[in-house]
Amino acid sequence: MPERRKVLIIGSGPAGLTAAIYSARAQLEPLVIEGEPSSNSDQPGGQLMLTTEVENYPGFVDGIMGPELMGVMRDQAIRFGAELRTAKVSRLDLSSTPFGAWVGDPEADEATIEADTLIVATGARSLMLGCPNEDRLLGYGVSTCATCDGFFFREQHIAVAGGGDSALEEAMFLTRFASKVTVVHRRDELRASKIMQDRAFKNPKIEFLWNHTIIDVLGDTKVSGITVQDTLSGETSELGVTGLFVAIGHEPNSGLLKGQLELEDNGYVRTFDRSSRTSVDGVFACGDVQDHFYRQAITSAGSGCMAAIDAEHWLEEHGE
Amino acid sequence: MSEKIVTLSDATFDEHVKGSDVPVLVDFWAEWCGPCKMISPVLEEIAEEQAGKIQIGKLNIDDNLDVTRRFDVMSIPTLILFKDGEPQVRLIGAKPKGQLLEEISAYL
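What you see is a predicted model; the values in this text were computed from it and never measured. Per chain, residues are indexed from 1 in the order of the written sequence. Here the convention is simple: chains get letters from A, ligands get numbers from 1, in the order in which they are written. Per-residue local features are limited, in this predicted model, to residues with pLDDT of at least 70; the limit for side-chain atom pairs, both in listing and counting, is 80 or more; totals at the level of whole chains, interfaces and linings are taken over all residues. Values reported for side chains reflect all heavy atoms of the structure, with hydrogen atoms and water molecules removed beforehand.

1. Considering helix H2 (residues 66-79) of chain A
Okay, so step 1: Runs of E in the DSSP output that reach at least two residues are strands. Runs of H or I that reach at least four are helices, and both are numbered from the N terminus. Multiplying 1.5 Å by the residue count of a helix minus one yields the expected span of that helix. Taking 1.5 Å of rise per residue, 14 residues should cover 20 Å, and H2 of chain A covers 20 Å from first to last C-alpha, within 8% of that figure.
Okay, so step 2: Each residue gets one of three labels from its accessible area relative to the maximum for its type: buried under 20%, exposed over 50%, partly exposed in between, using a 1.4 Å probe on protein chains only. All of the buried residues in H2 of chain A are Gly66, Pro67, Leu69, Met70, Met73 and Ala77 of chain A. An end-on view of H2 of chain A places all buried positions within 155° of arc, on one side of the element.
Okay, so step 3: Buried residues in H2 of chain A make contact with helix H1 (14-25), strand E3 (53-54) and strand E4 (64-65) of chain A together with helix H2 (34-49) of chain B.
Okay, so step 4: Looking one or two places after H2 of chain A, you find Gly81 of chain A, whose phi comes out positive at around 100°. Arc, as used here, means the arc of the directions from the helix axis to the C-beta atoms. Should any heavy atoms of two residues lie within 4.5 Å, those residues are considered in contact.

2. What to know about the state of the cysteines
Each disulfide consists of a covalent bond between the sulfur atoms of two cysteine residues.
Okay, so step 1: Cysteine sulfur atoms that come within 2.5 Å of each other are treated as a disulfide pair. With the rule as written, the count across this model stands at 2 disulfides over all chains.
Okay, so step 2: Each sulfur of the disulfide joining Cys33 of chain B and Cys36 of chain B lies 2.3 Å from the other. The disulfide joining Cys33 of chain B to Cys36 of chain B has a torsion of about 85° about its S-S bond and is therefore right-handed.
Okay, so step 3: Between Cys286 of chain A, a free cysteine, and Cys305 of chain A, which holds the nearest cysteine sulfur, the sulfur-to-sulfur gap is 9.9 Å.
Okay, so step 4: Given the relative accessible area of 0%, Cys286 of chain A is considered buried.
Okay, so step 5: For Cys305 of chain A, a relative accessible area of 17% puts it in the buried group.

3. Here's the deal with the pattern of salt bridges
Okay, so step 1: Only one rule defines a salt bridge in this text: a Lys or Arg side-chain nitrogen within 4 Å of an Asp or Glu carboxyl oxygen. Applying the stated criterion to the full structure yields 19 salt bridges over all chains.
Okay, so step 2: A salt bridge links Glu49 of chain B to Lys97 of chain B; the shortest N-O distance between them is 3.0 Å. With a gap of 48 residues between them, Glu49 of chain B in helix H2 and Lys97 of chain B in helix H4 (residues 97-105) connect regions that are remote in the sequence.
Okay, so step 3: Taken together, the shared-partner salt bridges in this structure form one network comprising Glu3, Arg5, Glu83 and Arg85 of chain A.

4. Some points on the packing of aromatic side chains
Okay, so step 1: Between 30 and 60 degrees the pair is tilted, below 30 it is stacked and above 60 it is edge-to-face, where a pair is any two Phe, Tyr or Trp rings, Trp via its six-membered ring, whose centres lie within 6.5 Å. Applying the stated rule across the entire model yields 11 aromatic pairs over all chains.
Okay, so step 2: Aromatic pair Phe208 of chain A and Trp210 of chain A: ring centres 4.9 Å apart, planes at 10°, arrangement stacked.
Okay, so step 3: In this structure Trp210 of chain A comes out as partly exposed when scored by relative accessible area, which is 28%.
Okay, so step 4: Their ring planes at 50° and their centres at 5.6 Å tell us that Phe13 of chain B and Phe71 of chain B sit as a pair that is tilted.

5. Thoughts on the environment of Val73 of chain B
Okay, so step 1: Mapping Val73 of chain B onto the fold places it in the loop between helix H3 (65-70) and strand E4 (78-83).
Okay, so step 2: Taking C-alpha positions, Val73 of chain B is 7.9 Å from Phe28 of chain B, a pair spaced 45 residues apart along the chain.

What follows is the structure, encoded as structure tokens:
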């Protein structure tokens, strides 16, 4: 028999854990399927597990480390009785109620968990460049986590791919170690916020390579350079770097939901009427899986709170 | 930390890894690494469950640069499985327990 829950939450970043705190305080005994360890942002704790200092989360005058913030949120959810399980959902069935969620074998006849309401907080993951040798050299100079790997590039010249806030944050962080950081961006202006741009332009260790895309990563057993292409002239050249940090954006972790509820063209979950409601009655979405615009820890947490309240109202209306 | 896990250092690495009767899975980690924290409980479990079949060793890269450089570690967490002192397989990045066990099982 599947185990039955009033509220099932998938994901354990700020959105999932805030939804857990609220629904646990409302005595709904939520179960959180928190994900499994990985280094690509769909892990327990979410993307903040790959960051260092969070300076803009309200309540922490001197900032707080990303993993520490997620640790205390997790403890707070547990304090109110939320149950967290370190596992991954392999399949969902949203075609009838209660909704079915499979953990482990997706081919099993019966769902592992049945839930009256589902809160989707699966977040987003880093996009990769998709060039030929990127995958082979991942961990050997190619990285998606500056905070994990920056340490290994002391006094070296490294490249960062991207032009948004995360790219500049990574570049700035990497200047603590590297002798020079070249930000490779495909356009001639950044989409990063003004404050980040100002900081980056002022940093003497950061250089910009405008209007270039990275078409390959070079190196036998570790990165020795990258091949870049001028987007205007089409000319290719090589840049001798020992590291490449990829921060070109994110894609939502919405694979489980395809064909089950309405997604935007870019794969993000569509929510309705400024609430967390999705196209399926009883299913709510919060955090980065439904937000490609704000993408902040605080907006994520805020939307997690909305989802918990929406789920609570739903259960009241349906006499649960 | 589990009593079954040994803390390694530049000074004790060779003695432990070469002198071990069973394969040693070395976790290259650091305090400031989120994914390292994530796999820590997984390694504790493996150390308990596979006691006698495998030895888990932890090497803090901040304090032990010699060994870290010797094995060209450039990303953490990195796990390297040593048998008779020789590296057999290298796993980069945090992974779920099942996948981790699967990838090292051939060497046990």
